[in-house]
Amino acid sequence: MSENRNEGFSQAAKANSDTQTPSHFKVTHPRLRDQLKKSSKKKGFKIVQEKMLKFQHVIRNQFLQQTSQQMQCVPPGDQQCTQTSRKREKKMGYLLSQMVNFLWSNTVKKLKFKVPLPCLDSRCGIKVGHQTLSPWQTGQPRPSLGGFEAALASCTLSKRGTGIYESYHLSFQSYEAYQADKYHKDKNPSGYINLSTSENKLCLDLITARLTQSDMNFLDEAQLQYSDWKGQPFLREELASFLTHYCKAPTPLDPENVVVLNGCSSVFASLAMVLCDPGDALLIPTPCYNGFVFSSYLYSKIELIPVHLESQVPRSNLDSFQLTVDKLKLALTQAKKKAKKVKGLVLINPQNPLGDVYTQSSLQEYLVFAKTHKLHVIMDEIYMLSVFEPSVTFHSVLSIKDLPDPNMTHMIWGTSKDFGMSGFRFGVLYTHNKEVASAMKAFGYHHGVSGITQYKLCRLLQDKEWISKVYLPKNHSRLQKAYSYITKILKDLKIPFYNGGSGLFVWINLKAYLSPCTFDQEQILHQRFRDKKLLLSSGKSYMCIEPGWFRLVFAETHLHLQVAMDRFCHVLAEHKKHEK
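Cut-offs applied
Residues numbered from 1 in each chain as written. Predicted model: local features only at pLDDT ≥ 70, side-chain atom pairs only at ≥ 80, totals over all residues. Heavy atoms only, no water. Patch = residues over 30% accessible without salt bridge, like charges linked within 9 Å, V, L, I, M, F, W, Y side chains within 5 Å. Areas by Shrake-Rupley, 256 points an atom, 1.4 Å probe, with all protein chains shown as cover. Salt bridge = Lys/Arg side-chain N within 4 Å of Asp/Glu carboxyl O. Helix = DSSP H or I, 4+ residues; strand = E, 2+ residues; numbered from the N terminus. Buried < 20%, exposed > 50% of the residue type's maximum accessible area, 1.4 Å probe, protein only. Phe/Tyr/Trp six-rings, centres within 6.5 Å; stacked < 30°, edge-to-face > 60°. Pairing = 2+ DSSP bridges. Axes fitted to C-alpha atoms, helices over the stretch in contact; angles between N-to-C directions. Contact = heavy atoms within 4.5 Å. Parallel < 35°, antiparallel > 145°, perpendicular 65-115°, else oblique. Left-handed = near helix turned anticlockwise from the far one by under 90°. Core = buried A, V, L, I, M, F, W, Y, C linked by side-chain atoms within 4.5 Å. Right-handed = clockwise from strand over helix to strand, strands pointing away. Expected span 1.5 Å × (residues − 1).

1. Remarks on a nonpolar patch on the surface
Moving on, step 1. Side chains of L219, L224 and I452 sit close together on the surface and give an oily, nonpolar patch of about 290 Å² of accessible area.
Moving on, step 2. Mapped onto the fold, L224 is located in the loop between α8 (204–211) and α9 (233–246).
Moving on, step 3. Overall, the relative accessible area of 60% leaves L224 in the exposed class.

If you want it as structure tokens, here you go:
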């Protein structure tokens, strides 16, 4: 045993001496020694694994409890105290990873097994609690959790399982913290406010009232049984009618081309698997919705190749973050030079996180480019009814009379954003390609929507008069009001922002608060927002090529926005003061 490991073990023991040790932990070592002596190597190794997992669970809980207690004692705005706490956390993470390393290596060594040591990079410490990691950049090595977390996962999971475990926790760490500690005016005024997750909370009263009307309460035997994996025929018929009407399709859409799954992410991931083989690639303009990065890794194992858009445009005839065919050609050429097999182009319209809406002429150019290079086009139109600026006109890909290549054009939509019903878990694919629709049907076996939900959705979408005359006008009005409130504060703070008149968010430029303007500094600022219990999305998680951009969701209640923006202003003031 090395001298450093002895020192780490003794220091960690001392650090935990003030905490009460669980009874089962006290007898772990003698029992382990007795069992190792009496058992065979195979049986002994299994016992070691079980004891290690119990040991890790106890230590992890103690660590999380200590860290939480430490941070609750930090006076608001005390940056020095916060830094001290972080250093203590990092040191404790280092010591714990050393303990796990020591125990694993020594018990396995006694058993004389040739077992590779789990990935315990002590330099990383433990990445929980206060370190928010964004999803990884496509084409870069996938980050891993710290030694303690890696050991916990790799002891029981397969390599694939460990990768999924890591990707989930790295992607949703902040979201899990929010779910466990939500802000409430009276019950939890110090809880998290989430302006990171794109949810429309402005019209929950309207949706709740409509979904509780008497026509929604019908229930028959068919809703309680398995249905067509593409979705109930009555819902697919209504969706074809709904999309024909609101997408302004030149001819009625075919219900047989409709596929219903439990969310647009499920639709995207399944469609990517149908269109691509593992290792294939899709072009996607960036900054882009970060959920695509997670979805493409989790299931289809495809690569997203960014088509980088910039805020600083050298040519005066182009707008900021504008997608051009030249940029698409450049990205495709560079991908082919790297022997990437590009199978398609992903477009989000209205765009997320920019809030841009493609013009009809631009959309036509992108589709012609895709046909020229034999690329599928996956068009995500999940915000199509959330265009709140009267001067902006949305053009659905389904509205184009003569599509350049209808057989390779696929449209995704759902009710999560436009109707604020993300909890319903509903997404729809419309494709002109019968083979694609047939292949997608298989995914309904795992990702189907409940019969009761399908019935309620059908009744809702049938009510076009209520949607057009009541819901949409009020939704757009409330979005516009919330947008005006947020942007007035941003203007007063002289913070540049970007939004094309649609969506639930603004794309804000905080480069002035980064010194130097790097992604590391962006992460530090992102963490300071979280320390103040305010969640925003950092630009790097959207594969933005420029550091300093953040997405801020404004489709929140006015009270929550007020508290959130107070915290926002406080963080920026303290951050600027600290940087000086």
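2. A closer look at the packing of aromatic side chains
Moving on, step 1. For the structure on display, the rule yields 24 aromatic pairs.
Moving on, step 2. Aromatic side chains F242 and Y246 sit 4.7 Å apart centroid to centroid with 40° between the ring planes, which places their arrangement in the tilted category. A residue pair is termed a helical-turn pair when its members lie 3 or 4 positions apart in one helix, as F242 and Y246 do in helix α9 at four residues.
Moving on, step 3. A relative accessible area of 0% means that F242 is categorised as buried.

3. Considering the sheet that holds strand β5 (residues 342–348)
Within a sheet, neighbouring strands are paired by backbone hydrogen bonds and run either parallel or antiparallel to one another.
Moving on, step 1. Spatially, the seven strands line up as an open sheet ordered β2-β8-β7-β6-β5-β3-β4, and their pairing is mixed. Only two strands of the sheet have a single neighbouring strand rather than two, namely β2 (258–261) and β4 (303–308). Geometrically, the sheet is characterised by an average inter-axis angle of 25° between neighbouring strands, direction not taken into account.
Moving on, step 2. Taken together, the five bridges between strand β7 (residues 409–414) and strand β8 (residues 427–431) define a ladder with antiparallel strand orientation. Bridge pairing links H410 to T431 in β8.
Moving on, step 3. Strands β3 (281–286), β5 and β6 (376–380) of the sheet are contacted by helix α13 (residues 360–372), whose axis makes an angle of about 150° with β6.

4. Details of the packing of helix α10 (residues 264–275) against helix α11 (residues 291–300)
Moving on, step 1. Where α10 contacts α11, the axes come no closer than 9 Å and their chain directions differ by 50°. Judged on the interaxial angle alone, α11 and α10 are oblique. α11 is crossed by α10, and the crossing has right-handed handedness. Here α10 contributes S265, F268, A269, A272 and M273 to the contact with α11, which in turn contributes F292, S295, S296, Y299 and S300.

5. Points about the pattern of salt bridges
Moving on, step 1. All chains considered together, the criterion is met by 18 salt bridges.
Moving on, step 2. Across the pair K533 and D181 runs a salt bridge whose closest N-O atoms are separated by 2.8 Å. Linking K533 in the loop between α18 (519–531) and β11 (534–535) with D181 in the loop between α7 (159–180) and β1 (193–194), this pair joins segments that are 352 residues apart in sequence.
Moving on, step 3. With relative accessibility at 22%, the residue K533 sits in the partly exposed group.

6. Quick look at the environment of V449
Moving on, step 1. Mapped onto the fold, V449 is located in the loop between α15 (444–447) and α16 (451–462).
Moving on, step 2. Note on V449: relative accessible area 11%, which makes it buried.
Moving on, step 3. Distance in space between the C-alpha atoms of V449 and V260 is 7.3 Å, their sequence separation being 189 residues.
Moving on, step 4. Apart from residues lying up to four places away in sequence, V449 is in contact with V260, L261, N262, R425 and Q454.

7. Focus: the nonpolar core
Generally speaking, a soluble globular protein has its nonpolar side chains buried in company with each other.
Moving on, step 1. Ranked by size, the top nonpolar core spans 71 residues in total, and within it L239, F242, L243, L283, M384, W413 and F419 carry the most contacts.
Moving on, step 2. Setting aside chain neighbours within four positions, we find L243 in contact with K248, L253, M384, L398, M411, W413 and Y430.
Moving on, step 3. One finds L429, L552, L561 and L572 within the second-largest nonpolar core, a separate group that totals 63 residues.

8. Digging into the sheet that holds strand β10 (residues 505–509)
Moving on, step 1. Across the sheet, four strands lie side by side as β9-β10-β13-β12; this open sheet has antiparallel pairing. Pairing within the sheet leaves two strands with one partner each, and these edge strands are β9 (497–498) and β12 (537–538).
Moving on, step 2. Relative to strand β13 (residues 549–553), β12 is paired through two bridges, and the arrangement is antiparallel. Note that in β13 the partner of S537 across the bridge is R551.

9. Some remarks on the pairing of β13
Moving on, step 1. Most of β13 is tucked away, with five of its five residues classed as buried.
Moving on, step 2. Residues W549, R551 and V553 of β13 are buried on one face, and the alternating residues F550 and L552, pointing to the opposite face, are buried as well.
Moving on, step 3. As judged from the five bridges shared by β10 and β13, these two strands associate in the antiparallel manner. Looking at β13, one finds that N509 is bridged to W549.

10. As for unusual backbone geometry
Leaving glycine out, the prevailing phi sign among residues is negative, and the prevailing peptide bond configuration is trans.
Moving on, step 1. The omega torsion of the bond from T286 to P287 falls at 10°, within 30 degrees of zero and hence cis.
Moving on, step 2. Along the chain, N349 connects to P350 via a cis peptide bond; the corresponding omega equals -5°.
Moving on, step 3. Tracing the sequence through the fold places P350 in the loop between β5 and α13.
Moving on, step 4. Phi angles above zero are rare outside glycine, and K494 is one such case at about 60°.
Moving on, step 5. Among the secondary structure elements, K494 is positioned in the loop between α17 (464–492) and β9.

11. Remarks on α11
Moving on, step 1. Within α11, eight of the 10 residues are buried, which leaves it mostly tucked inside the rest of the structure.
Moving on, step 2. Looking only at α11, the buried set comprises G291, F292, V293, F294, S295, S296, Y297 and S300.
Moving on, step 3. Turning to α11, the residues buried within the fold contact α7, α10, β3, β4, β5 and β6.

12. Observations concerning the packing of α9 against α17
Moving on, step 1. Running from amino to carboxyl end, α9 crosses α17 at an angle of 50°, the nearest separation of the two axes being 12 Å. Our classification of the angle between α9 and α17 gives oblique. Considering only the axes of α9 and α17, their crossing is right-handed. Contacts between α9 and α17 involve E238, S241, F242, H245 and Y246 on the former and, on the latter, K464, I467, S468 and L472.

13. Topic: the pairing of β6
Moving on, step 1. The buried fraction of β6 is high, at five of five residues.
Moving on, step 2. Residue alternation in β6 divides its side chains into two sets, H376, I378 and D380 and V377 and M379, and both sets are buried.
Moving on, step 3. As paired elements, β5 and β6 share five bridges and run parallel to each other. If you follow L347 over to β6, its bridge partner there is M379.
Moving on, step 4. This β-α-β element, β5 to α13 to β6, shows right-handed connectivity.
Moving on, step 5. Of the strand pairs in this sheet, β6 and β7 are connected by four bridges, and their pairing is parallel. Residue V377 lies in a different strand from β7, and its bridge partner there is T409.

14. Some words on α10
Moving on, step 1. Between its terminal C-alpha atoms α10 stretches 16 Å, which fits the 16 Å expected from 12 residues at 1.5 Å a residue.
Moving on, step 2. For α10, a buried count of nine out of 12 residues is recorded, marking the element as mostly surrounded by other parts of the structure.
Moving on, step 3. Taken residue by residue, α10 has C264, S266, V267, F268, A269, S270, L271, A272 and L275 as its buried positions.

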